[in-house]
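# Summary of structural features
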Amino acid sequence: MIVYAVILFTVAIIFHILGVFIYRGRINLIHDHHQTHIKASDKKEYGRSFAKAIFCISLTLIISGSIALFGKSKSILFSSIAVLFAGLISSFIWIVKIQKKYNGGIF
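For the structure given in this document, a descriptive report is provided here.

Scoring rules and cut-offs
Residues numbered from 1 in each chain as written. Predicted model: local features only at pLDDT ≥ 70, side-chain atom pairs only at ≥ 80, totals over all residues. Heavy atoms only, no water. Core = buried A, V, L, I, M, F, W, Y, C linked by side-chain atoms within 4.5 Å. Buried < 20%, exposed > 50% of the residue type's maximum accessible area, 1.4 Å probe, protein only. Helix = DSSP H or I, 4+ residues; strand = E, 2+ residues; numbered from the N terminus. Contact = heavy atoms within 4.5 Å. Phe/Tyr/Trp six-rings, centres within 6.5 Å; stacked < 30°, edge-to-face > 60°.

## Points about the nonpolar core
Among the nonpolar cores identified, the biggest contains 17 residues, and Ile22, Ile30, Tyr46, Phe50, Leu61 and Ile95 are the most heavily contacted of them. The greatest single-element share of this core, amounting to seven residues, is contributed by helix 2 (residues 43-68). If sequence neighbours within four positions are ignored, phenylalanine 50 has contacts with Ile22, Ile30, Ile95, Ile98 and Gln99.

## Topic: the side chain of threonine 60
Summarising the element assignment, threonine 60 is placed in helix 2. What makes threonine 60 buried here is its relative accessible area of 7%. Apart from residues lying up to four places away in sequence, threonine 60 is in contact with Val83, Leu84, Gly87, Leu88 and Ser91.

## Topic: the packing of aromatic side chains
For the coordinates displayed, the defined rule picks out three aromatic pairs. Aromatic pair tyrosine 23 and phenylalanine 55: ring centres 6.4 Å apart, planes at 45°, arrangement tilted. Linking tyrosine 23 in helix 1 (residues 2-23) with phenylalanine 55 in helix 2, this pair joins segments that are 32 residues apart in sequence. Aromatic pair tyrosine 46 and phenylalanine 50: ring centres 5.8 Å apart, planes at 50°, arrangement tilted. Linking tyrosine 46 with phenylalanine 50, this pair stays in helix 2, spanning four residues, or about one helical turn. Owing to a relative accessible area of 0%, tyrosine 46 belongs among the buried residues under this scheme. On the accessibility criterion, phenylalanine 50 (11% relative accessible area) is buried. By way of ring pairs, the aromatic residues Tyr46, Phe50 and Tyr102 are connected into one cluster.

Bear in mind that shape data such as this cannot, by itself, settle questions of function.
Below, the structure is given as structure tokens:
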């Protein structure tokens with residue numbers, strides 16, 4: 001479980017750094033076709049909203065990895081995976097809502 005936790009922590013750090021860059025205005029890190037219909041005046045707020053969802057993904061990975069460090073039992077494994085999937089699903093739903101709000105659709 002330690003390897004699993006280390007992998008999740010590493011990916012969480014990467015997502016956190018990506019979120020910081022996007023939050024500070026580097027929305028060019030988000031693919032261009034996700035920004036085709038966003039007004040220039042909304043780009044800053046779009047980037048900040050998108051970054052918050054990325055931070056949620058990072059937090060999900062950290063929580064799931066932390067749970068995995070408690071042991072090797074099946075209940076801990078299932079708890080860690082349940083937190084991982086619940087957090088990722090809610091984050092992706094959040095991203096879809098952001099895309100619909102600012103871009104008028106997912107693509």
